[in-house]
Amino acid sequence: MSESLVLTSTHGAVRVLTLNRPAQLNSFTAAMHRELFAGLEAAAGDTAVRAVVITGAGRGFCAGQDLGDPDMKAAAGAAPDVGGVVERLYKPLALRVRSMPVPVLAAVNGVAAGAGANLALGCDLVIAARGASFIQAFSKIGLVPDCGGTWLLPRLVGRAHALGLALTGDKLGAEEAQRIGLIWQCVDDALLMDAALDLARRLAAMPVRALAATRQALDDAMQLDYAGALGLEARVQGELGQAHDFAEGVAAFLAKRAPVFSDR
Ligand code: T3D
């Protein structure tokens, strides 16, 4: 039997999904897409899971699309259906990550290129090993950033850095990525998984329904004016204010005890 292309492990309330094509720097085949999507679906459907970490096996995080994947090849003489691949595989994957009911962390262990970089950047928090790097490799092969890159990059680092990264396709080291605000944190290589799991466990113990709603509200507010954002906040607070976790958080605060959050 062939080995899984995405390894799944569970650490208390944290589900870790490890991209597992190390010899190809975990670049995406159609089969790896299916396994990652299924892993995310399973985590979303399991109420015991309260945070997800995505990482890579070996020395890379993910080198984007496997440029030699026979499943992606066009029929003889025809141009490849790159748009179809993005529509059928990368778009649902990016939307799945962004709509998870729990926080999603990327633990970037090595190079993250093309759609692999944007898979990481679409996660809620990105922690990278000092030796890791981010490459918007698309321009070098005549494409535009995909897997959410066109939307994510200018929002994360502003137009100047977004265009600098996307046009040059230059490699950006993890320290610099943290400095310009592309990622949350850069840690020593040997500490990456411990740091990612510590942070994921911390988030898992928090009111994760509110954390997922915070991600959604921040994304939604980018399309709104100030008054619209204030209205959005009132609506979402109205919903969360009816939930168990808010009552529990307030009760625990007043009783000077640790809260036990359970909503998802
Ligand atoms: O259908 C569609 O195409 C639409 C979707 C597009 C989304 C995209 O992601 S487009 C962007 C695709 N990705 C790239 O263009 C990146 C290609 N890779 C690289 O530029 C370099 O490999 C890296 C800069 C990421 C790392 O360089 P380095 O020197 O550390 O490693 P390497 O020697 O280049 O790679 C190691 C092995 O992984 C090597 O195989 P080998 O020679 O040992 O058998 C290499 O061919 C393989 N590999 C790396 N990236 C890919 C790959 N194989 C297939 N596809 C890859 N993307």
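Note that the structure is predicted; figures quoted are calculated from it, not measured.

Caption draft 1: Highlighting the packing of helix 7 (residues 208–221) against helix 8 (residues 226–240). Running from N to C, helix 7 and helix 8 point in directions that differ by 165°, and their axes come no closer than 10 Å. The angle between helix 7 and helix 8 places the two elements in the roughly antiparallel class. Seen along the crossing, helix 7 lies across helix 8 with a hand that is right-handed. The segment helix 7 lies against helix 8, with Arg209, Ala210, Ala213, Ala217, Asp220 and Ala221 engaging Ala229, Leu232, Val236, Glu239 and Leu240.

Caption draft 2: Expanded view of the sheet that holds strand 10 (residues 185–187). Across the sheet, which stays open at both edges, the six strands sit in the order 1-2-3-5-7-10 with mixed pairing between neighbours. Each of the sheet's edge strands pairs with one partner strand only, and the pair in question is strand 1 (6–11) and strand 10. Taking each pair of neighbouring strands and ignoring which way they run, the sheet shows an average axis angle of 20°. In terms of strand pairing, strand 7 (residues 125–129) meets strand 10 through three bridges, oriented parallel.

Caption draft 3: Expanded view of the sheet that holds strand 9 (residues 171–173). One open sheet holds the four strands; their spatial order is 4-6-8-9, and the pairing between them is mixed. The open sheet has two edge strands with one neighbour each: strand 4 (60–62) and strand 9. Neighbour to neighbour, the strand axes of the sheet diverge by 20° on average, direction disregarded. Bridge count between strand 4 and strand 6 (residues 111–113): two bridges; the pairing is parallel.

Caption draft 4: Looking closely at empty space enclosed by the protein. Across all of its chains, the model carries one cavity of 30 Å³ or more by this definition. Computed from the structure, the largest cavity encloses a volume of approximately 40 Å³. Forming the walls of the largest cavity are Phe134, Ile135, Gln136, Leu165, Asp170 and Leu182. Considering only residue class, the lining of the largest cavity consists of four nonpolar, one polar and one charged.

Caption draft 5: Representation of the side chain of Ser27 within the structure. Within the element layout of this structure, Ser27 appears in the loop between strand 2 (14–19) and helix 1 (30–45). Of note is the side chain of Ser27, whose polar atom sits 3.0 Å from the backbone oxygen of Gln24. Residues in contact with Ser27, not counting those within four places in the same chain, are Arg21, Met32, Cys62, Ala63, Gly64, Gln65 and Asp66.

Caption draft 6: A look at unusual backbone geometry. A positive phi is found at Leu25, a non-glycine position, where the angle reads about 55°. Within the fold, Leu25 resides in the loop between strand 2 and helix 1. Taking relative accessible area as the criterion, Leu25 reaches 19% and is therefore assigned buried. In the Ramachandran plot, Lys256 falls in the positive-phi region, its phi being about 55° despite a non-glycine side chain. You can see Lys256 is positioned in the segment after helix 9 (244–254).

Caption draft 7: Region of the structure containing the packing of helix 1 against helix 2 (residues 82–98). Interaxial distance between helix 1 and helix 2 falls to 10 Å at its minimum, and their mutual angle equals 25°. If you check the angle between helix 1 and helix 2, you find them roughly parallel. Classified by chirality, the crossing of helix 2 by helix 1 is left-handed. On helix 2, the residues touching Ala30, His33, Leu36, Phe37, Leu40, Glu41 and Ala44 of helix 1 are Leu89, Tyr90, Pro92, Leu93, Arg96 and Val97.

Caption draft 8: Geometry of the packing of aromatic side chains. The full count for this structure, using the stated rule, is one aromatic pair. Between the aromatic rings of Phe28 and Tyr90, the centroid separation amounts to 5.6 Å while the plane-to-plane angle is 85°, which identifies the pairing as edge-to-face. Placement of Phe28 in the loop between strand 2 and helix 1 and of Tyr90 in helix 2 is noted, with a sequence separation of 62 residues between them. Among the residues examined, Phe28 registers a relative accessible area of 0% and is labelled buried. Classification of Tyr90 by relative accessible area gives buried; the value is 2%.

Caption draft 9: Seen up close, the side chain of Asn26. Note on placement: Asn26 falls in the loop between strand 2 and helix 1. You can call Asn26 buried: its relative accessible area is 0%. Asn26 has contacts with Leu19, Asn20, Arg21, Met32, Gly56, Ala57, Gly60, Phe61, Cys62 and Ala63, leaving out every residue within four places of it along the chain.

Caption draft 10: Up close: the nonpolar core. Ranked by internal contacts, the top residues of the largest apolar core, which has 69 residues, are Val52, Val108, Leu119, Phe134 and Leu182. The element best represented in this core is helix 6 (residues 192–204), accounting for seven residues. Sequence-distant contacts of Phe134, that is, excluding residues within four places in its chain, are made with Val108, Ala112, Leu121, Val126, Ala128, Asp170, Lys171, Leu172, Ala174, Ala177, Leu182 and Ile183. Residues Ala213, Ala217, Val236 and Leu240 belong to the second largest nonpolar core, which totals five residues.

Here is what the cut-offs are and how they apply
The residue numbers shown here count from 1 along each chain, following its written sequence. Only residues with pLDDT of at least 70 are given local features in this predicted model, and only at 80 or more are side-chain atom pairs given and counted; all residues enter the totals for whole chains, interfaces and linings. To obtain the side-chain values, all non-hydrogen atoms of the structure were included, while hydrogens and water were left out. Orientation is described by axes fitted as lines to C-alpha atoms, over the contacting stretch for helices, and by angles from 0 to 180 degrees between their N-to-C directions. The numbering of helices and of strands both runs from the N terminus, where a helix is a DSSP run of H or I of at least 4 residues and a strand a run of E of at least 2. Note that the term roughly parallel is reserved for angles under 35 degrees, roughly antiparallel for angles over 145, roughly perpendicular for angles of 65 to 115, and oblique for everything else. Crossing handedness is read from the near helix: turned anticlockwise from the far helix by less than a right angle, it gives a left-handed crossing, and turned clockwise, a right-handed one. Residue contacts are defined here by distance: any two heavy atoms, one from each residue, within 4.5 Å place the two residues in contact. If DSSP finds at least two bridges between two strands, the strands pair. A 1.4 Å probe that fits into a set of points on a 1 Å grid over the protein atoms alone but cannot get out defines a cavity; an open set with protein on both sides within 12 Å along at least five of seven lines defines a pocket, and lining residues are those with an atom within 4 Å of a point. Grid points are joined across faces, edges and corners, and a volume is the space filled by probe spheres set on the points. Any residue outside Ala, Val, Leu, Ile, Met, Phe, Trp, Tyr, Cys, Pro, Asp, Glu, Lys and Arg is labelled polar, Gly included; the first ten of those are nonpolar and the last four are charged. Throughout this description, a polar contact denotes any pair of N or O atoms lying within 3.5 Å of each other; where both atoms belong to protein, one of them has to be capable of donating a hydrogen while the other can accept it, and for residues adjacent in sequence the pair is counted only when both atoms sit in side chains. Exposure categories follow from relative accessible area, calculated using a 1.4 Å probe and restricted to protein chains: below 20% of the type maximum is buried, above 50% is exposed, and the middle band is partly exposed. Any two of the Phe, Tyr and Trp rings considered here, Trp counted by its six-membered ring, make a pair once their centres fall within 6.5 Å; the pair's planes then place it as stacked at under 30 degrees, edge-to-face at over 60, or tilted in between. Residues belong to a common nonpolar core when they are buried Ala, Val, Leu, Ile, Met, Phe, Trp, Tyr or Cys residues joined through side-chain atoms within 4.5 Å.

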